[in-house]
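Examining the three-dimensional arrangement
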Amino acid sequence: MELTLQQISDMPDDSYIYVDVRSEIAYQHGHIANAVYWNGIDNITFPENKRIIVYCTYGENSIPLVGKLKKRGFGAYNLSGGYREWLIHNSEELSDEEVNRYNRQIILPQVGSDGQRKLNNAKVLIIGAGGLGSPAALYLAGAGIGTIGIMDADTVSISNLQRQIIHNTENADQNKAESAKLALQKLNNKITVKAYSYFLTAENAEEIISKYDFIIDAADNFETKFLINDVCVLLKKPFCHAGIMRFEGQVMTYVPEEYPCYRCIFEEIPERGTIPNCSQAGIIGAVAGIIGSIQALEAIKYILGIGELLIGKMFIIDGLSMKTRIAEFAVKNKNCKVCGETPLIKTLSKTPSIQYELRESKKMSLYS
Ligand SMILES: [Zn+2]
């Protein structure tokens, strides 16, 4: 038995309760007002004589529970269209200022005002406020991503400014996450920006990443890239990886769970010194701009649910010849240590064989 939001709005407020069957994290990020989080039939006491309206994200996964509750004698109903439908009807309308600010994307049929609301409600974490993080953060702030987290422990140096365009000469010696936050808030004061002025570590990664909907790997070292991958796979978070060097760049996106992850392709953190870093090999700032912009585009497409993502695919560009190609990785690596058939990495803290040597990370940064 299904109820639409319209039917529910005609019912007296005290005649029903909502039960949320999505994940605990999804519930924490937002739920219908006064909804009860579902953690098992024996753990919830339902008030007598009230209808129980069960909802999931899209209105389908909640149907089996409705059947179960009915068998137990409860007056249970399924919310048609689920939480998404509720969100669309209950988000505040866009203000005139928002419509004006985001007009050029709202007029796109793939975006519209619903899409803009999705962007406004989205939370994106950018790990690294350097060559890749700069353009990614600027475009995401411009697009109205409601909450942007930006993370970097480094300070701005004059030699960064050739490519790290979110910073400026006046911000030399300032923490990069803080400097980026100032720039983003100047660009768009309608969004919330959270600066994390420290590095991602195995200790803090789960707590921070779990708060966001999409992660941008704009890190400049392999240890952080593998750490982002492993945490995102474990937490089932989508992320976009990128790397740049000289005139070349590469991008791929991971979406849980059926597609290959970064570790499926690259397997292990490379040995120190085997791959030159940007300060040794050099980098053209505009290449960082192209690749970081693609990362922002991937995040936007993911949030809007439009287009094709670079999942199972690596986009590669040689900016010197302007040749581009897409390398396909159609299936997961069954030996992958984090998402393979017998994963060794099950939690970050209890896996001594996996070490993310972040303190030394700057010594072998590839992409800066
Ligand atoms: Zn994998």
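What counts, and at which threshold
Residues numbered from 1 in each chain as written. Predicted model: local features only at pLDDT ≥ 70, side-chain atom pairs only at ≥ 80, totals over all residues. Helix = DSSP H or I, 4+ residues; strand = E, 2+ residues; numbered from the N terminus. Rg over C-alpha atoms; globule rule 2.2 N^0.38 Å. Buried ≥ 20, exposed ≤ 12 C-beta atoms within 10 Å, placed from the backbone. Contact = placed C-beta atoms within 7 Å. Pairing = 2+ DSSP bridges. Axes fitted to C-alpha atoms, helices over the stretch in contact; angles between N-to-C directions. Parallel < 35°, antiparallel > 145°, perpendicular 65-115°, else oblique. Left-handed = near helix turned anticlockwise from the far one by under 90°. Core = buried A, V, L, I, M, F, W, Y, C linked by C-beta atoms within 7 Å.

Below, the discussion takes up the overall build of the protein. In terms of helices and strands, the protein carries 14 helices and 13 strands. Rg of the C-alpha trace for the protein: 22 Å, near the compact-globule value of 21 Å for 368 residues, within the 12% margin. Principal-axis analysis of the C-alpha atoms gives the protein an extent of 70 × 50 × 35 Å. In the protein, buried positions account for 39% of the 368 residues. In the protein, 67% of the contacts between residues at least 6 apart in sequence involve partners at least 24 apart.

With that settled, consider the sheet that holds strand β7 (residues 147–151). For sheets, the rule is that strands pair by backbone hydrogen bonds, running either parallel or antiparallel. Taken together, eight strands build an open sheet; the order of strands is β8-β7-β6-β9-β10-β11-β12-β13 and the sheet is mixed. Either end of the sheet is taken by a strand with one partner, and the two such strands are β8 (192–196) and β13 (323–328). Going from strand to strand, the sheet's axes swing by 15° on average, the running direction of each strand aside. Two strands pair when backbone bridges link them, and β7 and β8 are joined in this way by five bridges, in the parallel orientation. The partner of G149 across the bridge, within β8, is K194. Packing of helix α8 (residues 133–143) onto the sheet brings it into contact with β6 (123–127), β7 and β9 (214–217), and relative to β7 it is tilted by some 165°. Across the sheet, helix α9 (residues 176–187) lies against β7 and β8, angled at about 170° from β8, the strand it touches most.

For the rest of this paragraph, the subject is the environment of N171. Within the secondary structure layout, N171 lies in the loop between β7 and α9. Classification of N171 as partly exposed rests on a count of 19 C-beta atoms within 10 Å. Along the primary structure N171 and T155 are separated by 16 residues, whereas in three dimensions their C-alpha atoms are 8.9 Å apart.

This part covers the packing of α8 against helix α14 (residues 285–304). Two elements in contact, α8 and α14, have axes whose closest approach is 7 Å; the angle formed by their N-to-C orientations is 40°. In terms of orientation, α8 and α14 fall into the oblique class. When the axes of α8 and α14 are compared, the crossing they make is right-handed. Residues G133, S134, P135, A136, Y139, L140 and A143 of α8 lie in contact with α14, whose contacting residues are G289, G292, S293, Q295, A296, A299 and I300.

Attention shifts here to the nonpolar core. When a protein is soluble and globular, its nonpolar side chains tend to lie buried together. Grouped together as the largest cluster of nonpolar side chains are 74 residues, with contacts concentrated most on V124, I126, A137, I150 and I216. Counting residues per element, this core draws most heavily on α14, at ten residues. The residues touching I126, leaving out its near neighbours within four places in the chain, are G133, A136, A137, I148, G149, I150, M151, I216 and A218. Of all hydrophobic cores here, the second largest spans 14 residues; its members include V54, Y55, V66 and A76.

Shape descriptors only; they carry no functional weight alone.
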